[in-house]
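Here are the chains, one letter per residue:
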Amino acid sequence: MNALRSFSARADIETILAQLGAERLDVPVLQPADPFLDTAGEELRRRIFLSESETGETLCLRPEFTIPVCLHHIGAGESAPRRYGYVGTVFRQRRAGGNEFLQAGIEDIGNTDSAPADARSLADALAFLEALGVSAPTVTTLGDQAVFNAVIAGLGLPQGWAVRLSHAFGDRATLDATLDALAVPPPPPEVPADILEPCEARDRAALVNALSMRLRIAGLENSGGRDADEIADRLIARFDAAEIAPDEKALATLRTFLSISAPLNEAAGALAGFAEAAGLDLSDAIAAFGARATEMEKAGVDTAAISYDAAFGRALDYYTALVYEIATADGLVLAGGGRYDRLLTMLGAGSDVPGVGFSVWLDRVAALTGGDA
Ligand SMILES: N[C@@H](Cc1c[nH]c[nH+]1)C(=O)O
């Protein structure tokens, strides 16, 4: 596998990146950890290799490229759209197998014409795999966080639940657990009387006082743990959650939505049928979805061969709309990507900057093609 890191392998990738119209960008292996911890979500957070600088800054070995590429774009003060291409090692802790993986990809940042940019991203990912010599049939699965969010908004679920569900999208087990919890709200936490009273009254100031007193008595104040404010917010959220009556109809509608699966060229119709039956106005989300599928066709993508799965998401928190993966017939993911329209603002951009991109897992491709990537 050492051959994967060889110069000739990288030179091939650079040719492919250039052919796909991306400019090559190198980003440091050692990155500030906070941007990943804040924006990438739980699944990646668990896998990050953390370290600390002499000055106390928390650093990490880059676990992926999208965030460092966005940070570069912001830091360089770019205002024009750019297409960045990259190749290099990413580091993720795994219980079994290796911890270092070779990735290459393209991030298309600042292009406000979303539908064609999305289409180009998927077409590029497919072309990338073909250029690497992947000839076995692949399976492309597509999901859409924006459609999911529109359904949640249309169902009028309480804000706290909407946020939880939106975060859970991309992780089927967490999503199912959240749906189950929504059906049977958890009982309120058991707390002593001096805490219970302000909780039930939702008297936040009194609750913070009572909690501060207990922390002080226990000698825990300012011990670097969660402080009274944060504990108060969590307690109030748990009391709120316990009081929300389960809305069975909304839940059933949500489950029906999550079971929708159709070839991409029929998916807008399937979504429209669902929206009508459920009495939801999803017209904006469906129009954007349909326009994107049309652009994909124009870009030469066989949309009849792509599966839209309403429950499909990726386990990274920064996606806002399109998500997709290209896998082998037996489910090994070779490439994945999607749109992240809020990520650059979260990372410090002064105005809205849209982005879409994908990464290819070169080690897996090499194992498949028998080549050295
Ligand atoms: N960085 C993502 C893939 C991606 C690139 N751009 C958008 N998404 C990953 O490692 O899975």
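Residues numbered from 1 in each chain as written. Predicted model: local features only at pLDDT ≥ 70, side-chain atom pairs only at ≥ 80, totals over all residues. Heavy atoms only, no water.

**Remarks on the overall build of the protein chain**
Line of reasoning, step 1. Counting its secondary structure elements, the protein chain contains 16 helices and 12 strands.
Line of reasoning, step 2. The C-alpha atoms of the protein chain give a radius of gyration of 23 Å, which matches the 21 Å a tight globule of 373 residues would have.
Line of reasoning, step 3. For the protein chain, the residues scored as buried account for 46% of the 373 residues in total.
Line of reasoning, step 4. Taking as baseline every contact in the protein chain between residues at least 6 positions apart, the subset at least 24 positions apart corresponds to 69%.
Line of reasoning, step 5. For the protein chain, the accessible area works out to roughly 17,700 Å², and carbon and sulfur atoms hold 51% of it.
Line of reasoning, step 6. Across the protein chain, the centroid of the 30 positively charged side chains sits 3 Å from that of the 53 negatively charged ones. (Helix = DSSP H or I, 4+ residues; strand = E, 2+ residues; numbered from the N terminus. Rg over C-alpha atoms; globule rule 2.2 N^0.38 Å. Buried < 20%, exposed > 50% of the residue type's maximum accessible area, 1.4 Å probe, protein only. Contact = heavy atoms within 4.5 Å. Areas by Shrake-Rupley, 256 points an atom, 1.4 Å probe, with all protein chains shown as cover. Lys, Arg positive; Asp, Glu negative; His and termini not counted. Charge placed at Lys NZ, Arg CZ, Asp CG, Glu CD.)

**Points about the nonpolar core**
Line of reasoning, step 1. Phe128, Leu254, Phe257 and Tyr308 are the most contacted members of the largest nonpolar core, which has 68 residues in total.
Line of reasoning, step 2. Top contributing element to this core by residue count: helix H5 (residues 114-131), with 7 residues.
Line of reasoning, step 3. The residues touching phenylalanine 257, leaving out its near neighbours within four places in the chain, are Val147, Phe148, Val151, Leu271, Phe274, Tyr308 and Ala310.
Line of reasoning, step 4. Core analysis: the next-biggest nonpolar cluster, separate from the first, contains 29 residues, Ala33, Cys60, Ala349 and Val353 among them. (Core = buried A, V, L, I, M, F, W, Y, C linked by side-chain atoms within 4.5 Å.)

**Comments concerning the site of the ligand**
Line of reasoning, step 1. Around the ligand, the structure places 16 residues, and the nearest of them are Thr66, Arg92, Glu107, Arg314 and Tyr319.
Line of reasoning, step 2. Measuring from a nitrogen atom of the ligand, one finds a backbone N or O atom of phenylalanine 358 at 3.4 Å.
Line of reasoning, step 3. For the ligand, whose unbound accessible area comes to 310 Å², protein coverage reaches 99%.
Line of reasoning, step 4. Elements that contribute at least two residues to the shell around the ligand include exactly strand E6 (100-109), strand E11 (333-339) and strand E12 (355-361).
Line of reasoning, step 5. Counted by class, the shell around the ligand contains 5 nonpolar, 7 polar and 4 charged residues. (Near = heavy atom within 4 Å. Polar contact = N/O pair within 3.5 Å; in protein donor to acceptor, adjacent residues only side chain to side chain. Nonpolar A, V, L, I, M, F, W, Y, C, P; charged D, E, K, R; others polar.)

**So, the environment of aspartate 203**
Line of reasoning, step 1. Within the secondary structure layout, aspartate 203 lies in the loop between helix H9 (193-200) and helix H10 (204-217).
Line of reasoning, step 2. Considering only alpha carbons, one finds aspartate 203 and alanine 232, 29 residues apart in sequence, at a separation of 9.7 Å.

**Quick look at the packing of helix H6 (residues 145-155) against helix H12 (residues 248-258)**
Line of reasoning, step 1. Running from amino to carboxyl end, H6 crosses H12 at an angle of 165 degrees, the nearest separation of the two axes being 10 Å. The orientation of H6 relative to H12 falls into the category roughly antiparallel. Along this stretch, H6 crosses H12, giving a crossing that reads as right-handed. Across from Val147, Phe148, Val151, Ile152 and Leu155 in H6, the residues of H12 making contact are Ala250, Thr253, Leu254, Phe257 and Leu258.
Line of reasoning, step 2. For the contact of H6 with H12, a count of residues per class yields 9 nonpolar, 1 polar and no charged. (Axes fitted to C-alpha atoms, helices over the stretch in contact; angles between N-to-C directions. Parallel < 35°, antiparallel > 145°, perpendicular 65-115°, else oblique. Left-handed = near helix turned anticlockwise from the far one by under 90°.)

**Some words on the confidence of the model for the protein chain**
Line of reasoning, step 1. Counting all residues, the mean pLDDT for the protein chain is 91, and 94% of those residues have values of 70 or more.
Line of reasoning, step 2. Both scores are given for the predicted complex: the pTM is 0.86, the ipTM 0.99. (pLDDT = per-residue confidence, 0-100.)

**Quick word on the packing of aromatic side chains**
Line of reasoning, step 1. The tally for this structure, following the rule as stated, stands at 9 aromatic pairs.
Line of reasoning, step 2. For the pair phenylalanine 257 and phenylalanine 274, a centre-to-centre distance of 5.5 Å together with 45 degrees between the ring planes defines the contact as tilted. Placement of phenylalanine 257 in helix H12 and of phenylalanine 274 in helix H13 (residues 264-278) is noted, with a sequence separation of 17 residues between them.
Line of reasoning, step 3. A relative accessible area of 8% means that phenylalanine 274 is categorised as buried.
Line of reasoning, step 4. Ring geometry for phenylalanine 289 against tyrosine 308: centres 4.9 Å apart, planes inclined by 75 degrees, an arrangement best described as edge-to-face. One end of the pair, phenylalanine 289, is in helix H14 (residues 283-298); the other, tyrosine 308, is in strand E9 (residues 306-309), with 19 residues separating them in the sequence. Taken as a pair, phenylalanine 289 and tyrosine 308 share a single burial class, namely buried.
Line of reasoning, step 5. Feature note: the residues Phe148, Phe169, Phe257 and Phe274 constitute an aromatic cluster, connected by ring pairs. (Phe/Tyr/Trp six-rings, centres within 6.5 Å; stacked < 30°, edge-to-face > 60°.)

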